[in-house]
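Understanding the architecture of this molecule
Next come the chains, spelled out residue by residue.
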Number of protein chains: 4
Amino acid sequence: EKTSTSFTTISKKASSIPKMPFPQGNSEKDGRLLFEWLIQPFGLKKFFSNIWERKPLLVRRHISNYAEGLFGSDDLNRILNECNVRFGVNLDVTTYQDGRRETHNVEGRAFSPVVWDYYKNGCSVRLKNPQAFSKPVWQLCATLQEYFKSMVGSNIYLTPPGTQGFAPHYDDIEAFVLQLEGKKRWSLYNPRSAAETLPRFSSKNFDPSEIGEEIFSTTLEPGDLLYFPRGFIHQASSLPGSHSLHITISTYQRNSWGDLMQELFSGALTRAFAEDLEFRKGLPLDYLSSLGVENSDKVSVSRSEALKKVSELFARLAQYADVDGAVDQRGMDFLYDALPPALSQDELDRTIHGAKVKMTSPGHPSACLCGVSLETKVRVLRKNAVRVCLGSDANENMAVTVHHSLQNSRVYHEEERKFFELEADCAPALEFLLHRYPAYVPVASLPLDSDEEKVNFASSLFEKGILIAEEKIELVPEQL
Amino acid sequence: EKTSTSFTTISKKASSIPKMPFPQGNSEKDGRLLFEWLIQPFGLKKFFSNIWERKPLLVRRHISNYAEGLFGSDDLNRILNECNVRFGVNLDVTTYQDGRRETHNVEGRAFSPVVWDYYKNGCSVRLKNPQAFSKPVWQLCATLQEYFKSMVGSNIYLTPPGTQGFAPHYDDIEAFVLQLEGKKRWSLYNPRSAAETLPRFSSKNFDPSEIGEEIFSTTLEPGDLLYFPRGFIHQASSLPGSHSLHITISTYQRNSWGDLMQELFSGALTRAFAEDLEFRKGLPLDYLSSLGVENSDKVSVSRSEALKKVSELFARLAQYADVDGAVDQRGMDFLYDALPPALSQDELDRTIHGAKVKMTSPGHPSACLCGVSLETKVRVLRKNAVRVCLGSDANENMAVTVHHSLQNSRVYHEEERKFFELEADCAPALEFLLHRYPAYVPVASLPLDSDEEKVNFASSLFEKGILIAEEKIELVPEQL
Amino acid sequence: EKTSTSFTTISKKASSIPKMPFPQGNSEKDGRLLFEWLIQPFGLKKFFSNIWERKPLLVRRHISNYAEGLFGSDDLNRILNECNVRFGVNLDVTTYQDGRRETHNVEGRAFSPVVWDYYKNGCSVRLKNPQAFSKPVWQLCATLQEYFKSMVGSNIYLTPPGTQGFAPHYDDIEAFVLQLEGKKRWSLYNPRSAAETLPRFSSKNFDPSEIGEEIFSTTLEPGDLLYFPRGFIHQASSLPGSHSLHITISTYQRNSWGDLMQELFSGALTRAFAEDLEFRKGLPLDYLSSLGVENSDKVSVSRSEALKKVSELFARLAQYADVDGAVDQRGMDFLYDALPPALSQDELDRTIHGAKVKMTSPGHPSACLCGVSLETKVRVLRKNAVRVCLGSDANENMAVTVHHSLQNSRVYHEEERKFFELEADCAPALEFLLHRYPAYVPVASLPLDSDEEKVNFASSLFEKGILIAEEKIELVPEQL
Amino acid sequence: EKTSTSFTTISKKASSIPKMPFPQGNSEKDGRLLFEWLIQPFGLKKFFSNIWERKPLLVRRHISNYAEGLFGSDDLNRILNECNVRFGVNLDVTTYQDGRRETHNVEGRAFSPVVWDYYKNGCSVRLKNPQAFSKPVWQLCATLQEYFKSMVGSNIYLTPPGTQGFAPHYDDIEAFVLQLEGKKRWSLYNPRSAAETLPRFSSKNFDPSEIGEEIFSTTLEPGDLLYFPRGFIHQASSLPGSHSLHITISTYQRNSWGDLMQELFSGALTRAFAEDLEFRKGLPLDYLSSLGVENSDKVSVSRSEALKKVSELFARLAQYADVDGAVDQRGMDFLYDALPPALSQDELDRTIHGAKVKMTSPGHPSACLCGVSLETKVRVLRKNAVRVCLGSDANENMAVTVHHSLQNSRVYHEEERKFFELEADCAPALEFLLHRYPAYVPVASLPLDSDEEKVNFASSLFEKGILIAEEKIELVPEQL
């Protein structure tokens, strides 16, 4: 293997490395532990100081069952057999041969015998959005998402022996490639220019002549991880005699400082116009003659004064920048994009998501209202799945809105944005719950005036799926 | 019960009445048998000559388990417990009290304890599109659809004791109300005018003062059926002490002669312009002065000649009416709207829909191509789920297209229109299959030139899910 | 010159032929006289029975000053000097050389020295919409429009010696080519097919290989007229040593029976749906299987019955065709498209269009209200410039609306549709005026209840420019 | 008259005050002189340092013929008599009585007797865009526009004795009210709040209760001027026994620093994204939890670091702000909005705008090309009517474009944006012409390579109407 300053390899066999941690329900901790597991034995701190968004990292683990239970080719087969997987929408069959990239999708459902026929004829199979079909992949992505606070997605790639399915290209996301079965030979190339470093959009398929010198190549084996930042060109092919299966986990798509600045600006200018006379004052009579390309070489008092004024206004505009408002806007967008949390059975039993009513007899449900009482101890279900924001209601009055991802679909944007208005009196109670996370707090401790309000407020959040109780919830039988 | 000439009641207890027939796979027959079952002991012929689109029919059967296995309140509970039922989208909770109709939906998922709480507080529950959640309802609707050749939908209504959930109104569909549990008191009213007889659009909620005299009222008990044509105003309430559960099956929404004529006209005029000089000839110089409201009382030669000419052109236009083309257009629209067929396990085993591949080892599927050979005997999966039409391809050339509903979603229009182009040579082979239905024919008998073409053609239809084999299909192991 | 059955030439020198008649104010008569002048000595009756929309007509008159005063190259020059003529919008400079047609327009105003430079370099000059710049051309078109009741437009073509400016093509209008200066050699070709006979849309530029045999060629000299129906291919070039100037007058663009039928149908179907149960009744259960391309060769009772029913409904639909309504719709469209009338000074003096107020002193107009009294005798200004129609107002109530072209712009559609609502009581008074045309009637004779109403109604029409008085109108001095 | 610090009155009778200066062709000087005349004897420097955008100014001149020749009620009458003035579009008739503001417009042409009738009945008449109908008003506005470099518009108000036509309100433009005839009583009120000081949009009609204390009232007499900045509420009524006629000249609509900043920002962010890695780098993992309304009271390192980073990026963004590019964008918009220059006869004779060709005989223009030679001395027609900008052509290549207002219509935006591409080689020649303004320079002195290029370049600008020659241009006779 070539060495280079632009990547880092941890090859030490780590026999003591722990298995994939199962989420325990404290989402912040769960996310961190899972990400630590993903890159270990490489350390978290070092990763973020040396590697992240900087250079590729290879973690060679020599533990072939490292991601056991996550996803295998038998899972892919089961999904094809059981689910409505559609060509183009959920699955692509592709080839890259003699420098030519082709997609072989037909219309409609991707029935398993048909997909396997393509595979046997040398096509790579890409399952898009596997988190919609596989609970472990869903759980992996949803848990990592609590760590990254940016949507985490994934793709599964199955490659028949001795083939390559995709042309060299770069992506617009941070990529974590985890080898699941077989072997795959990877080649990496530096971003081609400063402008293509951490790019905002993915590249076209490159011709080999366009991608420069390979900086690194390696063969991934099961349990190995390869990370590379957006902008790094890559291609990979399976070895003769061995198929390959890997998952690529992706995050941080258009989640940059500039994206925040964009959000910030339009708002800032609107406020500056509204609040600052300097922005509403007329331009000087001669600005069109002292400025402009035509006058860029002129030296004049009015030009330099105008440029100075622009600078001042630029600086001044910063005062009108509502950073918290812009962040909240991005927070809402994140909750719209986000995967819903994947609940364990234990969690299901303690939330409305798993509350099952039985029927006593036709027309007679055994119970109905969920038994939230003053004694019930609750917390929010996931720290980063709920956000309290300020907005305006239909009458342009200030209103507190709560956005959440708890009823999102595993299919991206299949559900509309989920949010509701909160009476201003109740905002502190929700903030209390968020700030006390991961502690469970008794409903009685909520900062609300009456016991009735406390129970009503907790019940309403519980019924929307936002709260989880510490103990299993019993449904309350109720007489008509 | 009031009697009237405007409805028909068959009250004879029919102890020998057969149970709901299970579809046998011959879709035309299955559809007819199921519809016969729905209205028996009232006869099919008499129904269509006396009742259909004319007047209500009450079938009192005194067989409370008549529709056993179709849908019960326990099924509703199970669906709420297990499925992502969303307020507004899939389910409404409503009341009609003191002449006021209200919807009590909240945002998002309709968790079962929440829905039951509404119910216990007197709300009616309407499950929309139950065929998406219940296999028996899906099967019922999809089978009836093969009979009606118009989309068949349904709603489930659960009403707590002593309440009414909906205001009096009329619908734009033919309605078959089948009582499933409990009792419900129905009142029917004649269409209010000729213009509201067989109307194209549903009414608003009426005030009691707007709906005239009740023509009929009855209490439905489990197993009873009430049919009424679109335009008949109706309202219903459960009895004190008894809840009510019924399914309303609906069909023939905007499936009228006028809808066909509309399709026919624009095409006819386009053709007349293209082919008939009489349509392109100039209007007479004086037509604006001999015709028009201003001149409607005038008697003049030019007026009567112009009116005569219009009549002639109207008649002549009929020659340019491509009835088959317009019907095909409606046929394609039907296949877009239609429920997909509900396959039995036996059918699944003989189609690609149930073809399951096993994995020999990671990366090694046990088989792939489906084993269609010259000897395989096949037929189309459902008679009315496939249609061969003439259209034009991207280059405006005449092309044969095949539209089908075999990969539709149980959710209306969730999938795009499914169709593909057929090489002109293959059209007779598909028509042969359609015309031989329900017979299974050997692939060898297809009217195509070579054995290879026959197998390829049959395989391609089989892989799209359009064909079913007479015998269970064995997957063919294949070596790479 | 070749002779052929497909065209007609009147070559007789007609020394007694009258000059271009000046409009006298009776628009129906003025229009007819002007059109007679245009084609004489060929007769009106013979023209419409043998020529119109059938075949070309050449009228050779050997009277070079036949259209004296209409338009000369000096008028074109004056227009370029004085008016805001814009390249592309109002004027094209073009060449057709070696089978290649080119447009040489630049951006913006076509200043006269620039246009003449193109001309001197061999470019043809086409002035579009000359009626907007030349009063005689406006008067010609507006007067003929009263005869054709279809918009009449024109183009002026100036061609330098020995050149051709346009490729062979056909148009979608009836064309009257009147030679004004110099000579031009014309070649005509039959429509290429039945489908291109009286076509609805103009052709592309043809290659000489595409246009078949010339059927006729001739050299037009000043005063000569060449008519040819839409669909006849034509090309023309000036002779060496002589420039050419001609005007092409056009009319009857998409003014065919089919256009009326199109208007008629959508309305008829809407009414049939509303009024006729047969159109709302459901289609037969088996129509999709007995009709459609797939079944077009089948013989079946249900197919023949369905086809018969379609025929019947087609015939029946004719009953719902509101011919007068459709004609009124076209009448309104005509009034939107139409040129405004070109008024003589005498006419101006007797209408609001020419009513000039003087100022007594600053802030003191000498008079204001126009002096319409019971004794004033009035008529509508042009017979075909006003139309009374039935429509519905903002509240969907039946309303009488009056559409007119009296305030249209000479630029096509520059003004919005001009119409106003009429109180139902006043409709007979306006119809009375229209039916009495061209007679002037005293305001006192209007069929309205009171003298006040009569004067108010006549005043309001007079103030909109719709009425003309028999005598010059005196403005009434009025004290504040 | 009340005195107040918020306005300034110059009441000194200035018998020596010069008449309205006639433009001499040097547009920068002409503009300044005309504005000086408008406000004199108040001085220019003092106006811009003390008054402009700050407070009202009353200039009482006691010279009733101060604006002689500009506009009188006889001009209004002439325009109504001769031009196509349309209600709503060009003219409003309004009343304000008993706190109720009404518009009495009817549809279509505003014939003079009708308008005067409204006037005699107490309606105010507002002529919108009088510069389209009156050459002196056009000249006034177009000349002031060269001074303000922002579109200058105007309205004429004619008010019958003892009435008021408009409710109290404020506008979004700087307003110069020049009394032309009669007398009018004005009342002014301060902006109601900081937010309504120099507002971006005009107000609704206010109720008297909403406008606070009058700060100033005065009666304007002919020759008097009242200026007030946007945001100052005003109302005015004529005196019993005296009508009133005034013109309101307006400018500086949305021509503020903020408008420039808006232009600047979007461009700056696009460039920052493209060029600056800091903008493309990912946000910190925890930004959603340290920022946002929910966290605005928290003190944390990550919060303060993020806020600091935002500040830095804000500052840094200024580096990507292309002030010249944004100014050019506004310059182009100004040239699209602007009135075209009003040329004197002398100017017409020296530009293409007045170049008239004569006809020698039919088909024979006397001359064509304009005689621009190396010796011809030229300058641009107006300093601020032409702008050289950088943009990109259809292929995204850098291109020099020239925008100009020389072919604009006197009707706002009636013409499309006028611009053309310039070969890069020619840009210095046009800049040379602009920088030498108002000097006339010989074509021979243009910084271009060959004599042919110089003549061609000058000719092409001359033919577009951009250049004016020092001497009258003779057209060049040319032989075919």
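Residues numbered from 1 in each chain as written. Chains lettered and ligands numbered in written order. Predicted model: local features only at pLDDT ≥ 70, side-chain atom pairs only at ≥ 80, totals over all residues. Heavy atoms only, no water.

1. Thoughts on the packing of aromatic side chains
Keep this limit in mind: Pairing of aromatic side chains here covers Phe, Tyr and the six-membered ring of Trp, requires ring centres within 6.5 Å, and sorts the geometry by plane angle: under 30 degrees stacked, over 60 edge-to-face, intermediate tilted. Using a 1.4 Å probe on the protein chains alone, a residue whose accessible area is under 20% of its type maximum counts as buried, one over 50% counts as exposed, and one in between counts as partly exposed. Strands here are runs of E lasting at least two residues and helices are runs of H or I lasting at least four, both read from the DSSP assignment and numbered beginning at the N terminus.
Counting across every chain of the model gives 106 aromatic pairs over all chains. With a centroid separation of 5.2 Å and 90° between ring planes, the pair formed by Phe47 of chain B and Phe48 of chain B is classed as edge-to-face. Judged by relative accessible area, which is 0%, Phe47 of chain B ranks as buried. When its relative accessible area of 22% is taken as the criterion, Phe48 of chain B is described as partly exposed. Seen from their ring centres, Trp37 of chain C and Tyr66 of chain C are 4.8 Å apart, and the 0° between their planes marks the pair as stacked. Here Trp37 of chain C is found in helix α1 (residues 27-39), whereas its partner Tyr66 of chain C is found in the loop between β2 (57-59) and α3 (73-82), with 29 residues between them in sequence.

2. Description of the interface of chain C and chain B
Filter applied, for reference: By definition in these notes, contact holds between two residues if any of their heavy atoms fall within 4.5 Å. Buried area: the accessible area, evaluated with a 1.4 Å probe, that two parts lose upon being put together, summed over both parts. Any carboxyl oxygen of Asp or Glu that lies within 4 Å of a side-chain nitrogen of Lys or Arg is treated as forming a salt bridge with it. Polar contacts, as used here, are pairs of N or O atoms within 3.5 Å; protein pairs need one atom able to donate a hydrogen and one able to accept it. Residues neighboring in sequence count only if both atoms are side-chain atoms. Residues are grouped as follows: Ala, Val, Leu, Ile, Met, Phe, Trp, Tyr, Cys and Pro are nonpolar; Asp, Glu, Lys and Arg are charged; all remaining types, including Gly, are polar.
Listed as interface residues are 70 residues of chain C and, on the opposing side, 70 residues of chain B. Each partner contributes to the roughly 6,400 Å² buried at the junction of chain C and chain B, and carbon and sulfur atoms together form 68% of this total. Among the residues of chain C in contact with chain B, Trp257, Leu285 and Glu294 of chain C are the three that bury the most area, contributing 15% of the side total. Along the contact surface separating chain C from chain B lie two salt bridges. Between Asp324 of chain B and Arg303 of chain C there is a salt bridge, with the nearest N and O atoms lying 2.8 Å from each other. Linking chain C with chain B are 36 residue pairs in polar contact (both at pLDDT 80 or more), by the criterion used here. Its residues assigned to classes, the side of chain C that touches chain B shows 40 nonpolar, twelve polar and 18 charged.

3. Some details on the pattern of salt bridges
Once the charged atoms of two side chains with opposite charge are near each other, the side chains can pair. Applying the stated rule across the entire model yields 104 salt bridges over all chains. Here Glu278 of chain A and Lys309 of chain A are joined by a salt bridge, their closest N and O atoms 2.6 Å apart. Of the two residues, Glu278 of chain A is situated in helix α7 (residues 277-280) and Lys309 of chain A in helix α9 (residues 301-317); the sequence distance between them amounts to 31 residues. For the pair Glu278 of chain A and Lys309 of chain A, a shared accessibility class is recorded, and that class is buried. Across the pair Lys281 of chain B and Glu278 of chain B runs a salt bridge, and its minimum N-O distance is 2.9 Å. With a relative accessible area of 29%, Lys281 of chain B lands in the partly exposed category. Since its relative accessible area comes to 18%, Glu278 of chain B is described here as buried. Through salt bridges with shared partners, a single ionic network connects Glu53, Glu174 and Arg230 of chain A.

4. Brief notes about the sheet that holds strand β19 (residues 441-442) of chain C
All names here are of chain C. We count it as follows: DSSP-based pairing: two strands are paired if at least 2 bridges between them are found.
The sheet built from three strands is open, its strands ordered β19-β15-β20 with antiparallel pairing. Unpaired on one side and paired on the other, β19 and β20 (467-469) mark the two borders of the sheet. Of the strand pairs in this sheet, strand β15 (residues 377-380) and β20 are connected by three bridges, and their pairing is antiparallel. Directly across from Arg379, in β20, lies its bridge partner Ile468.

5. Things to note about the environment of Asn26 of chain B
All names here are of chain B. By the element assignment, Asn26 lies in the loop between β1 (8-10) and α1 (27-39). By relative accessible area, Asn26 is classed as buried at 19%. Considered as a pair, Asn26 and Gln319 are 293 residues apart in the sequence and their alpha carbons are 37 Å apart. Excluding anything up to four places from it in sequence, Asn26 contacts Arg379, Tyr437 and Pro438.

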